[in-house]
Amino acid sequence: EDKVVQSPLSLVVHEGDTVTLNCSYEVTNFRSLLWYKQEKKAPTFLFMLTSSGIEKKSGRLSSILDKKELFSILNITATQTGDSAVYLCAVEYGNKLVFGAGTILRVKS
Amino acid sequence: DGGITQSPKYLFRKEGQNVTLSCEQNLNHDAMYWYRQDPGQGLRLIYYSQIVNDFQKGDIAEGYSVSREKKESFPLTVTSAQKNPTAFYLCASRPGQAIYGYTFGSGTRLTVV
């Protein structure tokens, strides 16, 4: 059965900390892995990863994919309270996108 | 501005009633999707459509129905056969040959009363 597993399920840190969120997957016909941030309603797109070992960066966020070990990490450095959200990992295979349960991140000031 | 519009934002339904959730996009995207999100769970795929007049069941299609008569529109009907319909419903779309992430609507929260 195809699945996507995220860890940890929830995390509380202080402003300025660095966090690493994990996503492992088991799917056939892998096409891409995507990260989204969900604050209240619509998930907003962060990264799409298709190739192993190539880090993608956007400000304080970065992500990398390991297609051999079937996992991805999302790093957030110098966290801010505005980073508090649910972070969703999703894997695209065939014409479908399957999501993990998400990691709830809370950044305390 | 281009985007996806879901309506209504909040919907209350009595048990035994069918309700239809609207999803409209002006992005000229070929593919559209419906997801359901429950507390503590990720998004689960209900139905998806790659082209007009064609759609496929996702992982949890039982109790739901869809139509795709126009490229811009992909309404979802929650029927009385859906045993636990209270949830947050998200619609998404993407271009036919996707090299970018999916675009999501702002969701409809359905509550059965």
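Throughout what follows, the structure given in this document is the object of discussion. Not measured: the values here are computed from a predicted model.

1. Some thoughts on the packing of aromatic side chains
Residue and element names in this part refer to chain B.
Here's step 1: Scanning all chains against the criterion turns up 12 aromatic pairs over all chains.
Here's step 2: Ring geometry for Tyr33 against Tyr102: centres 5.0 Å apart, planes inclined by 55°, an arrangement best described as tilted. One end of the pair, Tyr33, is in strand β4 (residues 31-37); the other, Tyr102, is in the loop between β9 (87-94) and β10 (103-104), with 69 residues separating them in the sequence.
Here's step 3: What makes Tyr33 buried here is its relative accessible area of 0%.
Here's step 4: Judged by relative accessible area, which is 2%, Tyr102 ranks as buried.
Here's step 5: Relative to Tyr89, the ring of Tyr64 has its centre 5.9 Å away and its plane inclined at 65°; by these criteria the two rings are edge-to-face.

2. Here's the deal with the side chain of B:Ser73
Residues and elements named next belong to chain B.
Here's step 1: Relative to the helices and strands, Ser73 is located in the loop between β7 (64-66) and β8 (76-78).
Here's step 2: Looking at Ser73, its side chain comes within polar contact range of the side chain of Glu24, at 3.0 Å.
Here's step 3: Sequence-distant contacts of Ser73, that is, excluding residues within four places in its chain, are made with Cys23, Glu24, Met32, Ser67 and Arg68.

3. A look at the interface of chain A and chain B
Here's step 1: With 17 residues of chain A at the contact, the number on the chain B side is 24 residues.
Here's step 2: Both sides of the chain A and chain B interface together cover about 1700 Å² of buried area, and 56% of this is carbon and sulfur.
Here's step 3: Of all residues in chain A, A:Lys41, A:Asn95 and A:Lys96 give up the largest surface area on contact with chain B, accounting jointly for 31% of the area buried on that side.
Here's step 4: A salt bridge links A:Glu92 to B:Arg94; its shortest N-O distance comes to 3.4 Å.

4. As for a nonpolar patch on the surface
Here's step 1: A grouping of B:Tyr10, B:Phe12 and B:Val113 is seen on the molecular surface, where their side chains present a nonpolar patch of about 380 Å² in accessible area.
Here's step 2: With respect to the secondary-structure elements, B:Tyr10 resides in strand β2 (residues 10-13).

5. Describing the pattern of salt bridges
Here's step 1: This structure, assessed with the given rule, holds 7 salt bridges over all chains.
Here's step 2: For A:Glu39, the salt bridge goes to A:Lys37, with nearest N and O atoms at 4.0 Å.
Here's step 3: For A:Lys37, a relative accessible area of 14% gives the class buried.
Here's step 4: Among the charged side chains, a network of salt bridges with common partners joins B:Arg36, B:Asp38 and B:Arg44.

6. Thoughts on the side chain of B:Arg13
Residues and elements named next belong to chain B.
Here's step 1: With respect to the element layout, Arg13 can be found in strand β2.
Here's step 2: No salt bridge is formed by the buried Arg13; the nearest opposite charge belongs to Glu15, separated by 6.9 Å.
Here's step 3: With sequence-adjacent residues up to four places away left out, Arg13 is seen in contact with Val19, Val78, Thr79, Ser80, Gln82, Pro85, Leu110, Thr111, Val112 and Val113.

Reading the values: the criteria
Residues numbered from 1 in each chain as written. Chains lettered and ligands numbered in written order. Predicted model: local features only at pLDDT ≥ 70, side-chain atom pairs only at ≥ 80, totals over all residues. Heavy atoms only, no water. Phe/Tyr/Trp six-rings, centres within 6.5 Å; stacked < 30°, edge-to-face > 60°. Helix = DSSP H or I, 4+ residues; strand = E, 2+ residues; numbered from the N terminus. Buried < 20%, exposed > 50% of the residue type's maximum accessible area, 1.4 Å probe, protein only. Polar contact = N/O pair within 3.5 Å; in protein donor to acceptor, adjacent residues only side chain to side chain. Contact = heavy atoms within 4.5 Å. Buried area = accessible area lost by both parts, 1.4 Å probe. Salt bridge = Lys/Arg side-chain N within 4 Å of Asp/Glu carboxyl O. Patch = residues over 30% accessible without salt bridge, like charges linked within 9 Å, V, L, I, M, F, W, Y side chains within 5 Å. Areas by Shrake-Rupley, 256 points an atom, 1.4 Å probe, with all protein chains shown as cover. Lys, Arg positive; Asp, Glu negative; His and termini not counted.

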